[in-house]
Amino acid sequence: SLYNEAMDNFAIEIAVDKNQIDVKNLFLKKGVSSLSSDFAYRYDKGFDRINLVTTPIKLNDFFRYRDIGLGYNGYFSINLNAKRGKSFKGNGTAYLTKTKIGNEEIGSSELEFKFTDSVIDFDSQFLNGEIDLEGILDLSKQYPKVDLNYDVDIPNLRTFLSVISEHNACLLYTSPSP
């Protein structure tokens, strides 16, 4: 198990020396979900490279996620690639698909991002486009700076509140009595 989470398969190759940790062929599998990764981490400069990809991971299959009590379920997937040249640059995408609150489908979400060192440029749509965020997040200073453009059009506020609370999900999909 990994953090008290049962896994069907776990494999890893690790090389450690005085300068870095090199991880190759990291593979985790639980049910039909999997994660594969390679990365190198230098003690003096941080990551040299990261490659990470998942198949869609069903959120409610994981005990830790269920313990949070969100009223939100679906499949999470990510693809991340980064490497160090003169700076550490990378890009990636993350998706939430087949998302539901209870048995009600609420639409997908996606995040596209690219970064150079500690500055992240992102574009995202949540709840099937009801929330659009794009901006730049600068983590290079003691106090992070965010430049954010957003568009929010949530016709049913209960749907949004159901994402953060299982209790609201029950209220959302229960008919009021006459």
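This one's a predicted model, so the numbers in the text were calculated from it and none came from an experiment.

Cut-offs applied
- Residues numbered from 1 in each chain as written.
- Predicted model: local features only at pLDDT ≥ 70, side-chain atom pairs only at ≥ 80, totals over all residues.
- Heavy atoms only, no water.
- Pairing = 2+ DSSP bridges.
- Helix = DSSP H or I, 4+ residues; strand = E, 2+ residues; numbered from the N terminus.
- Buried < 20%, exposed > 50% of the residue type's maximum accessible area, 1.4 Å probe, protein only.
- Contact = heavy atoms within 4.5 Å.

> Summarise the pairing of strand β6 (residues 73-84); cite the residues concerned and give the values.
Relative to β6, strand β4 (residues 46-54) runs antiparallel, the two being bridged by five bridges. Bridge pairing in β6 places Arg49 opposite Lys83. Inspection of the sheet shows β6 paired to strand β7 (residues 88-101) by eleven bridges, in the antiparallel sense. Its bridge partner being in β7, Asn81 is matched across the sheet by Asn91.

> Give a description of the environment of Tyr75 that names residues and reports values.
Mapped onto the fold, Tyr75 is located in strand β6. Judged by relative accessible area, which is 24%, Tyr75 ranks as partly exposed. Considering only alpha carbons, one finds Tyr75 and Asp61, 14 residues apart in sequence, at a separation of 9.8 Å. Each residue touching Tyr75, except ones within four places of it in the same chain, is listed here: Pro56, Ile57, Lys58, Tyr95, Leu96, Thr97 and Lys98.

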